[in-house]
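Here is what each chain is made of, one letter per residue.
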2 protein chains.
Amino acid sequence: MSAPTRRERLRTSTLTEIKDEARRLLVTGGPDAISLRAIAREMGMTAPAIYRYFDSLDALVEALAGDLYIELSEIVSAAKHDAGDDPVTQIIAMARAFREWSVAHPAEFALILGSPLPGIVAFQESCDDADHPGVEFGRPFMETINALWLREQYPTPPRSLMEERLAAHLEPLRSGHGEEVPIEVAWAFLSGWTRLYGLVSMEVFHHLRWAVSDPGALFEMELHSYVGQFTGRSDKS
Amino acid sequence: MSAPTRRERLRTSTLTEIKDEARRLLVTGGPDAISLRAIAREMGMTAPAIYRYFDSLDALVEALAGDLYIELSEIVSAAKHDAGDDPVTQIIAMARAFREWSVAHPAEFALILGSPLPGIVAFQESCDDADHPGVEFGRPFMETINALWLREQYPTPPRSLMEERLAAHLEPLRSGHGEEVPIEVAWAFLSGWTRLYGLVSMEVFHHLRWAVSDPGALFEMELHSYVGQFTGRSDKS
DNA sequence: TTGCCATAGTTAACGGCGTTCATTCTCCTA
DNA sequence: TAGGAGAATGAACGCCGTTAACTATGGCAA
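Residues numbered from 1 in each chain as written. Chains lettered and ligands numbered in written order. Predicted model: local features only at pLDDT ≥ 70, side-chain atom pairs only at ≥ 80, totals over all residues. Heavy atoms only, no water.

Q: Please clarify how the protein's contact with DNA strand D should be interpreted in this entry.
A: In the vicinity of DNA strand D lie 21 residues, with Arg6, Leu36, Arg37, Arg41 and Tyr51 of chain B positioned nearest. For DNA strand D, the backbone portion of the atoms within 4 Å of the protein, that is sugar and phosphate, comes to 56%. Ser35 of chain B is positioned with one of its side-chain polar atoms (N or O) 3.2 Å from a phosphate oxygen of DNA strand D. Within the side chain of Arg37 of chain B, one N or O atom sits 2.3 Å away from a base nitrogen of DNA strand D. Only helix H1 (6–29) of chain A together with helix H2 (36–43) of chain B provide two or more residues apiece to the surface near DNA strand D. Partitioned by chemical class, the residues of the surface near DNA strand D number 10 nonpolar, 4 polar and 7 charged. (Near = heavy atom within 4 Å. Polar contact = N/O pair within 3.5 Å; in protein donor to acceptor, adjacent residues only side chain to side chain. Helix = DSSP H or I, 4+ residues; strand = E, 2+ residues; numbered from the N terminus. Nonpolar A, V, L, I, M, F, W, Y, C, P; charged D, E, K, R; others polar.)

Q: What should I look at first to understand the relation of the copies chain A and chain B in this one?
A: One chain copy maps onto the other through a rotation about an axis and a shift parallel to that axis. At an RMSD of 0.0 Å, chain A and chain B line up after a rotation of 180 degrees and a shift of 0.0 Å along the axis. Given the turn and translation reported, the copies of this chain are related as if by a two-fold rotation axis. Every residue of chain A has its C-alpha some distance from the rotation axis, and the shortest such distance is that of Gly198 of chain A, at 1.7 Å. The share of interface residues of chain A whose copies in chain B are also at the interface is 100%, consistent with both copies meeting through the same surface. (Least-squares fit on C-alpha atoms with pLDDT ≥ 70 in both. Contact = heavy atoms within 4.5 Å.)

Q: Looking at this structure, how should I read the interface of chain A and chain B?
A: If you look at the interface, chain A gives 64 residues, while chain B gives 64 residues. Approximately 5500 Å² of surface area, both sides summed, lies buried where chain A meets chain B, with 66% of it carried by carbon and sulfur atoms. It is His207, Trp210 and Met221 of chain A that lose the most area in chain A upon contact with chain B, and together they represent 14% of the buried surface on that side. Our count for the chain A to chain B interface comes out at 0 salt bridges. (Buried area = accessible area lost by both parts, 1.4 Å probe. Salt bridge = Lys/Arg side-chain N within 4 Å of Asp/Glu carboxyl O.)

Q: How should the domain arrangement of chain A be read in this particular structure?
A: Often, the extent of an interface is quoted as the loss of accessible area on bringing the components together. Residue and element names in this part refer to chain A. What the domain assignment reports for chain A is domain 1 (1–55) and domain 2 (69–231). Measuring from the centre of the C-alpha atoms in domain 1 to the corresponding centre in domain 2 gives 32 Å. In this complex, domain 1 contributes 4 residues to the contact, which on the side of domain 2 involves 6 residues. The junction of domain 1 with domain 2 conceals about 470 Å² of combined surface from both sides, 62% of it contributed by carbon and sulfur atoms. The tally of links between domain 1 and domain 2 comes to 2 salt bridges. Between Glu71 and Arg23 there is a salt bridge, with the nearest N and O atoms lying 2.8 Å from each other. For the side of domain 1 that touches domain 2, the residue count by class is 3 nonpolar, no polar and 1 charged. (Domains from an automatic or database assignment.)

Q: Explain the packing of helix H3 (residues 57–81) of chain A against helix H5 (residues 106–113) of chain A here, please?
A: Helix packing for two helices is described by the angle between their axes and how far apart those axes are. Residues and elements named next belong to chain A. Remark: H3 packs on H5, axes separated minimally by 9 Å, with the N-to-C direction vectors making an angle of 110 degrees. It follows that H3 is roughly perpendicular to H5 by the angle criterion. Contacts between H3 and H5 pair Val61, Leu64, Ala65, Leu68, Tyr69 and Leu72 from the former with Glu108, Leu111, Ile112 and Leu113 from the latter. (Axes fitted to C-alpha atoms, helices over the stretch in contact; angles between N-to-C directions. Parallel < 35°, antiparallel > 145°, perpendicular 65-115°, else oblique.)

Q: In this structure, what is going on with the protein's contact with DNA strand C? I would like to understand it.
A: Looking at DNA strand C, there are 20 residues lining it, with Arg37, Arg41 and Tyr51 of chain A together with Thr46 and Arg52 of chain B nearest. Backbone atoms, meaning sugar and phosphate, make up 53% of the atoms of DNA strand C lying within 4 Å of the protein. Take Tyr51 of chain A: an N or O atom from its side chain is 2.6 Å from a phosphate oxygen of DNA strand C. Between DNA strand C and the protein, one listed contact pairs a phosphate oxygen with a side-chain N or O atom of Tyr53 of chain B at 2.8 Å. Going through the elements one at a time, helix H2 (36–43) of chain A together with helix H1 (6–29) of chain B are the ones with two or more residues in the surface near DNA strand C. Per-element accounting of the surface near DNA strand C gives the leading share, 3 residues, to H2 of chain A.

Q: Just to check I follow, could you spell out the UniProt feature "DNA-binding region" (unreviewed entry) in chain A for this structure?
A: Per the UniProt record, "DNA-binding region" (unreviewed entry) is annotated on residues 35–54 of chain A. Across residues 35–54 of chain A one finds 40% helix and 0% strand; the C-alpha atoms that close the span lie 13 Å apart. (UniProt positions renumbered as here; feature names shortened; annotations may be inferred.)

Set out below in structure tokens:
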């Protein structure tokens, strides 16, 4: 399994060089700036040569998106790992790591978590399989919120209501994370993830400029409010 | 001020035909499918003729985005108006109207509320002026949450904490909606809006497919949870 | 009524793009 | 050492935004 041949080494090296150049173009000029000709030009090649490595421009962008998903997942997981054993501390660390990466890499964030480009739609569609990057990315959040639930049962909407209205539509999540996840955990995870995503993506996409001059302050306030739900501390002033 | 000349009538008619065709292309083929040549082809014209009406493709897309913002704002305002006098009912109606329009018009949603395309960035930048579509869009939400606050003081993070950490960064919002808005209202508005946006945009962008088969059920559950914060009903199961 | 001119529209062209095809070169292997 | 697989090339096609020069035309003033 070791000893990659010289050809293989050259091939993977070219492959990553193409993706690196694509990312550079993404960062400097937005998603539409990623072009085979520009990549090839920058690499001292001609555009058709790239077809030896990717079936199309869309396939290249899709591969790049997969890499970025993994990069972000690893950063979030590392933040959790470095945060000690307390689930609440872990959630705070993961949320902050997610925001920091997103704000530092707006173009990358837009590619994997923004409006799906027509070419990236197929990538989204393939979310059915359990080892899709999206499921993998959500896992540490889910596990932490589950650990928290085992420790103390934080408030949620009434269980009866969730069982009646929500339970039937959670089979994709449960098939990816195990059938045994309590519905309160599923809800808390989805609720928290959508809040985190909404806040961060609005900041990254500049949809908050008209309201807030320092989105980081709003983020910390929201994080405080969200975590308060778990610590049981009253929010009354 | 009335009596537009014949020339003017023809001009505005062509202008809206161009934007209509651009929207049709947006819906059928995504943002990148909007092309001057395709629009002109469909209209029985040649592409350079469009430059009599718009300075560039970007300017056209920007104008279309402005129209869509107004369309969405009017729909949300109408929903509030039709919802009677109770602020809580109004909030529910506005949130549902927002989601329904977004789900029914994913391409339009992506254009105005998704990742900012390089060309649309200038549109976002101009959010400083108080009559920007974004401020106008947020107004009915803000007013309703304010009315609610006057009726009963719902729970928020501690006022002292918000004054210390958040107040200094809210001047853009306050300059658009009046200085007198209490910080609790500003927080409740921003918190609610980011939650609504996060949930809806994840649904529209198919970022929830891996977890939930019917995002509408999750939406109603979240709405229930968010509104519960105002009605003071306990969320314990 | 005549003449003019702003307005709307055209054609041609430039450079950039993804993609395909036929071709060439080069390195590894049998 | 001969051959074949893999890597890269150049030319071409049909898109695209944009510019420039040119033409037709409708409305208004003399």
